[in-house]
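Read off the chains here:
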Amino acid sequence: MLQKHGQKTNTPKVQYRTEMLKQKIKDKTVVVAVLGLGHVGYPMSSLFAKNGFQTIGYDISSKRLSDINQGKVISELTSILPNDETHKQKTLSEIANNLKISNKEEILKSADVFVVDVPTPLKENETPNLLFLTKTCKTITKFLRKETLVIVESTIYPGATEEIVKPLLEESGLHAGDDFYLSFSPERIDPGNKKWSLEKIPKIVGGINKESVDVASSLFSQIVEKVVPVSSLQVAEATKMLENIFRSVNIALVNDLSKFFEKMGIDTWETVAAASTKPFGFLPHYPGPGVGGHCIPKDPFYLLYKARKMGTNLEFIEEAACINRNMPLYVVHIAEETLNTCNKNVRESSFAVLGVTYKKDVLDIRRTPSKTVITELRKVSKNVMAFDPLTDETFGAKTGSLEETIKGKDCIILLVNHSYFRENSIEDKINELAPNCCLIDTRNFIDSSKLKKSIIYRCLGKPLKSG
Ligand SMILES: NC(=O)c1ccc[n+]([C@@H]2O[C@H](COP(=O)([O-])OP(=O)(O)OC[C@H]3O[C@@H](n4cnc5c(N)ncnc54)[C@H](O)[C@@H]3O)[C@@H](O)[C@H]2O)c1
């Protein structure tokens, strides 16, 4: 591991204290508190509990706590639960034994480790909203003791742990690095991804000093297969920015190319598949209706904010975010264009939107591109229905069963490739219930060879005439 310049060499006394805490972590006699039990914090706290740590889950939302208690959000634990039913039940009962959840902050009294997993969204003006983070720091400050460890996992821009988190925690009268350990370790969970379970995703660990990195690394090595220590808090923070901006710009690249390839009569999906046969230097990304969720659409704006404050413009990153943000409008545009080819007017047409969440098989509607698509369609048509098997949210569109939503529509737009649509033979349903529709497929999901000839099929990233 590289050492950051300027780090202090610690005395034998400090080294002894660090070793003591590491031993307690190894013996699993530390109490771990996770603050924020959302899409990240709930699986994370459950993973500590699954591995035998006495775990405290603290969340200010009583609705969230009640959903967890009633087992309503067990699907969010996919990335840590075994597949077979017997093992799954056993793991769930281990988690229930070790995880205590509450919205009363006194529960944090016994914590030796504080893991911060609260939201870091954007304000209206696209700058970081760090209110959840600062409030959480103030809560921790009340319960911070000597020889405790604070780990921030929420996504923030490089420098924020030191500039924002550290001074707030030090209001306790304790000093970061000397009295308590301070680490930043970005969460890299991919909700719904069964292949890359939380245990299998390597954990990046940065710290205010070497001891903080050591202690946090010891903790994570008890629950994940691989820990990657880095030389500073800033490198750990920047790693998360790089990963998500890498996704944002590559998605933007393929989205931009797909619009041009459509015009040239080139199939983008086939082109990406062909490029993917290159055994090195290429990573496939696919066109889509835009990006959503609590990472890709907002993380670039965290770095852009920091860059602007430092007098730098990261135009390339900004442009990429903008391209992705405009994709829902492009989807509406191609729907209109396709309707025009069959002499239908968008204002007199009826629409069905299939899929509202931002991602396949994941119940998360934050920043979903479906919201923009539905809103734009509702501006021009009075007859817009939407259906999603995972959520009742339709952003003002009427809803019904899948069949009711499809029935008799002039234009059907598939925005999310939920397994449910495959399981319910979506092509057969469309053939039967909307045999004269225009069908816009934004995910290359529909098997167009199964469609009736009367249906005008258009796939994002494919030329109009291609089926
Ligand atoms: N969702 C993802 O896929 C993902 C992946 C990697 C990293 N992240 C990052 O992880 C962080 C958390 O994201 P999330 O998706 O879990 O958010 P979330 O909105 O799903 O959950 C956050 C939880 O924190 C709670 N909370 C808010 N303020 C609190 C406070 N003061 N004290 C205690 N609890 C509080 C909320 O009630 C909510 O239950 C964000 O910084 C996000 O960028 C998210």
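Residues numbered from 1 in each chain as written. Predicted model: local features only at pLDDT ≥ 70, side-chain atom pairs only at ≥ 80, totals over all residues. Heavy atoms only, no water.

Participant: Before we go on, may I ask you to explain the site of the ligand in this structure?
Facilitator: The full set close to the ligand counts 26 residues, and His39, Val40, Asp59, Thr120 and Lys298 are the nearest of them. Within the contact set of the ligand, an oxygen atom lies 2.8 Å away from a backbone nitrogen or oxygen of Val40. Here Arg366 contributes a side-chain N or O atom positioned 2.9 Å from an oxygen atom of the ligand. Across the shell around the ligand, the residue classes tally to 10 nonpolar, 9 polar and 7 charged. In this structure, the shell around the ligand is formed jointly by two domains, domain 1 (12-231) and domain 2 (232-467), each of which donates at least three residues. (Near = heavy atom within 4 Å. Polar contact = N/O pair within 3.5 Å; in protein donor to acceptor, adjacent residues only side chain to side chain. Nonpolar A, V, L, I, M, F, W, Y, C, P; charged D, E, K, R; others polar. Domains from an automatic or database assignment.)

Participant: It is not clear to me how the domain arrangement of the protein should be interpreted in this structure. Could you clarify?
Facilitator: Per the domain assignment, the segments making up the protein are domain 1 (12-231) and domain 2 (232-467). Each of domain 1 and domain 2 has a C-alpha centre, and these two points are 33 Å apart. Taken residue by residue, the interface counts 34 residues in domain 1 and 27 residues in domain 2. Of the roughly 2,600 Å² buried at the junction of domain 1 and domain 2 (both faces included), carbon and sulfur atoms supply 60%. Counting across the interface, domain 1 meets domain 2 through 4 salt bridges. When the shortest N-O distance is used, the salt bridge between Glu126 and Arg325 registers 2.8 Å. Where domain 1 meets domain 2, there are 14 residue pairs in polar contact (both at pLDDT 80 or more). Breaking the side of domain 1 that touches domain 2 down by element, the ones donating at least two residues are helix H6 (160-170), strand E6 (181-184) and strand E7 (203-207). (Contact = heavy atoms within 4.5 Å. Buried area = accessible area lost by both parts, 1.4 Å probe. Salt bridge = Lys/Arg side-chain N within 4 Å of Asp/Glu carboxyl O. Helix = DSSP H or I, 4+ residues; strand = E, 2+ residues; numbered from the N terminus.)

Participant: Even after reading the chapter, I still don't get the pairing of strand E5 (residues 149-152), so can you show me in this structure?
Facilitator: When a strand is regular, its side chains alternate between the sheet's two faces. Across the two faces of E5 the burial is the same, with Leu149 and Ile151 and Val150 and Val152 all buried. In the sheet, strand E4 (residues 113-116) pairs with E5 via 4 bridges, with the strands oriented parallel. Counted as the bridge partner of Val115 is Ile151 from E5. Once you follow E4 into helix H5 (residues 131-143) and on to E5, the crossover reads as right-handed. The pairing of E5 with E6 spans 4 bridges and is parallel. Of the residues in E6, the one forming a bridge with Leu149 is Tyr181. Following the chain from E5 across H6 to the adjacent parallel E6, one finds a crossover that is right-handed. (Buried < 20%, exposed > 50% of the residue type's maximum accessible area, 1.4 Å probe, protein only. Pairing = 2+ DSSP bridges. Right-handed = clockwise from strand over helix to strand, strands pointing away.)

Participant: Explanation requested: unusual backbone geometry in the structure shown.
Facilitator: Glycine aside, negative phi is the norm for most residues, and most peptide bonds take the trans geometry. In this structure, Asn343 is a non-glycine residue whose phi angle is positive, near 55 degrees. In this structure, Asn343 sits in the loop between helix H11 (315-341) and strand E9 (351-354). Despite not being glycine, Phe395 shows a phi value in the positive range, around 50 degrees. Of note, Phe395 is situated in the loop between strand E10 (384-387) and helix H13 (402-406). Here Phe395 falls in the buried class, since its relative accessible area comes to 18%.

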